[in-house]
Amino acid sequence: MSDINTIIKPENLIYKRTDVLSDNDLSYCPGCGHGTVHKLIAEVIEEMGIQDTTIGIAPVGCSVLAYNYLEIDWQQAAHGRAPALATAVKRLMPEKNVFSYQGDGDLAAIGTAETIHACNRGENIVMIFINNGIYGMTGGQMAPTTLPGMAASTCPHGRDVSHDGEPIKISEILAQLPGTCYVTRQSVHTAANVRKSKKALRKAFENQQANKGTSLVEIVSNCNSGWKMTPIKSNEWMEENMFPYYPLGDIKNQ
Amino acid sequence: MRELKLMKGNEAIAEAAIRAGVDGYFGYPITPQSEVMETLMAEKPWETTGMVVLQAESETASINMVYGGAGCGKRVMTSSSSPGVSLMQEGLTYLAGAELPCVVVNVVRGGPGLGTIQPAQSDYFQTVKGGGHGDYKLITLAPASVQEMADFVELSFDLAFKYRNPVMILSDGVIGQMMEKVELNEQKPRWTEDYINENYPWATTGKKANRAKNIITSVQLEASVQEEFNHKLQAKYRSVEENEVRFEEVMCDDAEYLIVAYGSSARICQKSIEIARAKGIKVGMLRPITLYPFPTEQLMKRAKQVKGMLSVEMSAGQMVEDVKLAVECSVPVEHFGRFGGSVHSPGEVVEALEQKLIGG
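Small disclaimer: the values here were computed from a predicted structure and weren't measured.

How each quantity is defined
Residues numbered from 1 in each chain as written. Chains lettered and ligands numbered in written order. Predicted model: local features only at pLDDT ≥ 70, side-chain atom pairs only at ≥ 80, totals over all residues. Heavy atoms only, no water. Helix = DSSP H or I, 4+ residues; strand = E, 2+ residues; numbered from the N terminus. Rg over C-alpha atoms; globule rule 2.2 N^0.38 Å. Buried < 20%, exposed > 50% of the residue type's maximum accessible area, 1.4 Å probe, protein only. Areas by Shrake-Rupley, 256 points an atom, 1.4 Å probe, with all protein chains shown as cover. Contact = heavy atoms within 4.5 Å. Axes fitted to C-alpha atoms, helices over the stretch in contact; angles between N-to-C directions. Parallel < 35°, antiparallel > 145°, perpendicular 65-115°, else oblique. Left-handed = near helix turned anticlockwise from the far one by under 90°. Nonpolar A, V, L, I, M, F, W, Y, C, P; charged D, E, K, R; others polar. Pairing = 2+ DSSP bridges. Domains from an automatic or database assignment. Buried area = accessible area lost by both parts, 1.4 Å probe. Salt bridge = Lys/Arg side-chain N within 4 Å of Asp/Glu carboxyl O. Polar contact = N/O pair within 3.5 Å; in protein donor to acceptor, adjacent residues only side chain to side chain.

**Q** How should the overall build of chain B be read in this particular structure?
**A** Scanning chain B from N- to C-terminus turns up 14 helices and 15 strands. Relative to a compact globule of 360 residues, whose C-alpha radius of gyration would be 21 Å, chain B shows 21 Å and is just as compact. With respect to the three principal axes, the spread of C-alpha positions in chain B is 75 × 50 × 40 Å. Within chain B, buried positions represent 61% of all 360 residues. As displayed, chain B has an accessible area near 13800 Å², and 51% of this comes from carbon and sulfur atoms.

What follows is the structure, encoded as structure tokens:
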């Protein structure tokens with residue numbers, strides 16, 4: 001039987017928390033996917049050695065305080081405007097690595113114009129898009145991506161598509177634009193999906209370094225608080241309901 | 001001797017921006033200021049100084065591009081006209097809340113609504129009283145000539161970075177469109193990233209190992225923290241009011257009446273003064289060059305000397321409220337001005353002076 005001090009030697013270390021993550025307590029609900037995505041971005045930044053050259057753009061929404069959790073320089077944008085900020089940061093400092101981190105309300109409702117035009121110009125940035133089909137921070141209102149029939153506080157009887165339209169598949173729209181080089185939809189609800197998401201994020205940052213244009217990584221995530229389910233139940237519900245409408249996998253990969 | 005050119009006010013803004021070593025311009029076309037971006041695109045400064053020039057999808061996007069650039073410590077600007085500047089109000093309050101330096105040019109046209117493309121000065125309230133939400137101020141410079149359009153670009157950036165606050169150049173369709181000779185500065189280099197890191201250590205240029213991460217934000221979830229931050233902002237504004245008031249006086253020494261006018265109205269009123277003085281009316285003019293901070297003290301000083309003041313503006317009466325506040329109603333203060341795109345003549349101003357202040 002090995003002594004614990006022998007086991008914890010640095011040469012035996014096979015996994016540790018990346019130093020790009022801060023020590024701050026996460027403000028996210030237990031069970032939410034944001035924390036996992038943050039960790040993956042932090043790991044990719046550390047592994048690529050780009051901590052000192054990466055600028056993140058935080059949105060309005062649950063992840064408004066994302067800047068508290070990753071040890072990089074950050075700007076926090078007005079609701080929906082992150083792609084406009086990222087555009088200027090990257091154009092003015094082309095040698096830096098720039099990403100926006102946005103939710104569905106931010107990217108696919110109030111910021112639709114900024115999103116589409118940044119992608120259409122082929123801005124050489126990474127856009128990370130968390131799609132949980134609801135406005136989490138403001139208390140569970142209907143999002144542009146809320147599923148048909150799905151209840152939210154501003155559609156308590158379920159989304160009526162004859163009244164509110166169908167949920168928008170923004171990633172499929174953005175994949176149509178010549179400016180995007182990589183559009184993928186992933187999730188972080190199982191270990192296998194976490195690994196795939198990390199690969200997708202890494203590829204997106206590598207695309208930026210290769211000046212290939214806009215990379216969009218959509219992560220379909222649960223919102224157990226907003227959906228009013230336990231974390232486990234919300235992940236099951238996500239598999240059964242979200243994935244058929246928002247199928248996982250690459251939508252565009254050039 | 002600086003280079004002398006005949007230019008439109010809008011062209012002078014663009015030319016001065018390149019020569020000042022500005023890093024980026026982000027804009028959206030709108031009359032009567034589209035020549036600013038057109039001139040920049042024709043000059044192609046990205047091939048000479050490396051300046052970024054980008055046509056955005058909206059004024060909302062362009063002011064947020066300005067936010068992104070300013071957050072990196074870059075000298076960035078935009079320009080627009082009234083309806084477009086209304087769209088920028090969200091961005092301006094965020095810029096002020098995040099304490100970011102930038103320059104915004106408003107070549108004002110008549111409103112409300114889509115209004116007219118003809119000149120006006122009816123965005124005074126929007127500019128100096130807030131415009132966007134929250135307790136903030138824009139340092140506001142009002143050029144009265146094409147020369148000042150050029151000169152105020154660099155001055156605005158100096159003030160913006162000195163106070164970490166957005167600066168508005170409040171012009172109008174007359175100054176933007178008219179041609180005058182203008183002396184242009186020599187080309188200055190753009191700032192290097194080392195210079196920015198040394199002088200503006202808050203800039204998000206990438207987290208260096210020897211410093212904590214930089215965060216540009218205007219969100220303060222705790223009310224007590226937000227209040228404390230607002231006290232800090234207010235202290236900054238008091239400092240601006242103490243140190244940055246700029247104005248010009250014309251024939252004030254023996255004046256019995258005072259015209260208060262800025263921008264193109266002030267140019268028109270210079271002629272009005274000649275006409276009035278030829279008729280034996282001793283009138284002078286105070287031209288605020290900074291609309292915020294407002295030349296309150298100097299107006300109060302002149303209030304002890306004159307029998308009345310006439311605020312002449314191409315609006316239904318906006319700056320007149322600040323003139324009244326400045327003189328604390330110690331002398332009669334009247335307003336005159338054509339508005340909605342119409343421009344008053346020098347003679348109309350003299351008539352208003354006679355009717356509203358001198359009597360009969």
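**Q** How should I be thinking about the overall build of chain A in this particular structure?
**A** What chain A contains, in helices and strands, is 10 helices and 9 strands. In terms of overall dimensions, chain A is globule-like: its C-alpha atoms have a radius of gyration of 18 Å, near the 18 Å expected for 254 residues. Within chain A, the proportion of its 254 residues that are buried is 57%. Excluding contacts between residues fewer than 6 apart, the proportion of contacts in chain A whose partners are at least 24 apart in sequence is 69%. Summed over its atoms, the accessible surface of chain A is roughly 10200 Å², and 55% of this surface lies on carbon and sulfur atoms.

**Q** Where do I start with the packing of helix α11 (residues 263-278) of chain B against helix α14 (residues 346-358) of chain B in this structure?
**A** How two helices sit against one another is set out by the angle between their axes and by the gap between those axes. Residue and element names in this part refer to chain B. Viewed as axis vectors pointing N to C, α11 and α14 meet at an angle of 60°, and their least axial separation amounts to 8 Å. As the angle between them shows, α11 and α14 are arranged oblique. The way α11 lies across α14 gives a crossing that is right-handed. Here Ile268, Cys269, Lys271, Ser272, Ile275 and Ala276 of α11 come into contact with α14, specifically with Pro346, Gly347, Val349, Val350 and Leu353. Along the lines of polarity and charge, the residues of the contact of α11 with α14 split into 8 nonpolar, 2 polar and 1 charged.

**Q** Just checking my understanding: could you explain the sheet that holds strand β2 (residues 24-27) of chain B for this structure?
**A** Sheets are built from strands that pair by backbone hydrogen bonding, the pairs being arranged parallel or antiparallel. Residue and element names in this part refer to chain B. Spatial strand order, β3-β2-β4-β5-β7-β6-β13: 7 strands in an open sheet with mixed pairing. Here the strands that pair on one side only, and so sit at the sheet edges, are β3 (52-55) and β13 (290-292). For this sheet the average axis-to-axis angle between neighbouring strands, irrespective of direction, equals 20°. The pairing of strand β5 (residues 102-108) with strand β7 (residues 166-172) spans 7 bridges and is classified as parallel. Note that in β7 the partner of Val105 across the bridge is Ile169. Sheet strands in contact with helix α7 (residues 146-163) are β4 (76-80), β5, β6 (139-141) and β7, and its direction is about 155° off that of β7.

**Q** Sorry, what's going on with unusual backbone geometry here?
**A** Peptide bonds are trans in most cases, and residues, glycine excluded, mostly fall at negative phi. With omega at 5°, the peptide bond leading from Thr31(B) into Pro32(B) counts as cis. Mapped onto the elements of the fold, Pro32(B) is located in the loop between β2 and α2 (35-43). With an omega of 0°, the peptide bond between Tyr292(B) and Pro293(B) qualifies as cis. Counting through the fold element by element, Pro293(B) comes out in the loop between β13 and α12 (296-303). Phi is positive for Lys228(A), close to 60°, though the residue is something other than glycine. Tracing the backbone through its elements, the reader meets Lys228(A) in the loop between α9 (224-227) and α10 (231-245).

**Q** Just checking my understanding: could you explain the domain arrangement of chain B for this structure?
**A** Interface size is commonly expressed as the accessible area that is lost once the parts come together. Residues and elements named next belong to chain B. Under the domain assignment used here, chain B contains domain 1 (3-193) and domain 2 (247-358). On the side of domain 2, 25 residues touch domain 1, which itself brings 29 residues to the contact. Both sides together, the interface formed by domain 1 and domain 2 hides about 2100 Å², and carbon and sulfur atoms give 56% of it. Together, Gln121, Tyr124 and Phe125 form the three largest contributors to the area buried by domain 1 at its contact with domain 2, with a combined 33%. At the boundary of domain 1 with domain 2, the tally comes to 3 salt bridges. Put simply, domain 1 and domain 2 have 15 residue pairs in polar contact (both at pLDDT 80 or more) between them. Residue classes in the side of domain 1 that touches domain 2 are distributed as 16 nonpolar, 7 polar and 6 charged.

**Q** In this structure, what is going on with the packing of α12(B) against helix α13 (residues 319-327) of chain B? I would like to understand it.
**A** Residues and elements named next belong to chain B. Contact geometry for α12 and α13: axes closest at 8 Å, N-to-C directions at 65°. Taken together, the axes of α12 and α13 are roughly perpendicular relative to one another. Our pair here, α12 against α13, has a crossing hand that is right-handed. Contact with α12, carried on its side by Thr296, Leu299, Met300 and Ala303, involves Val323, Ala326 and Val327 of α13 and no other residues of that element.

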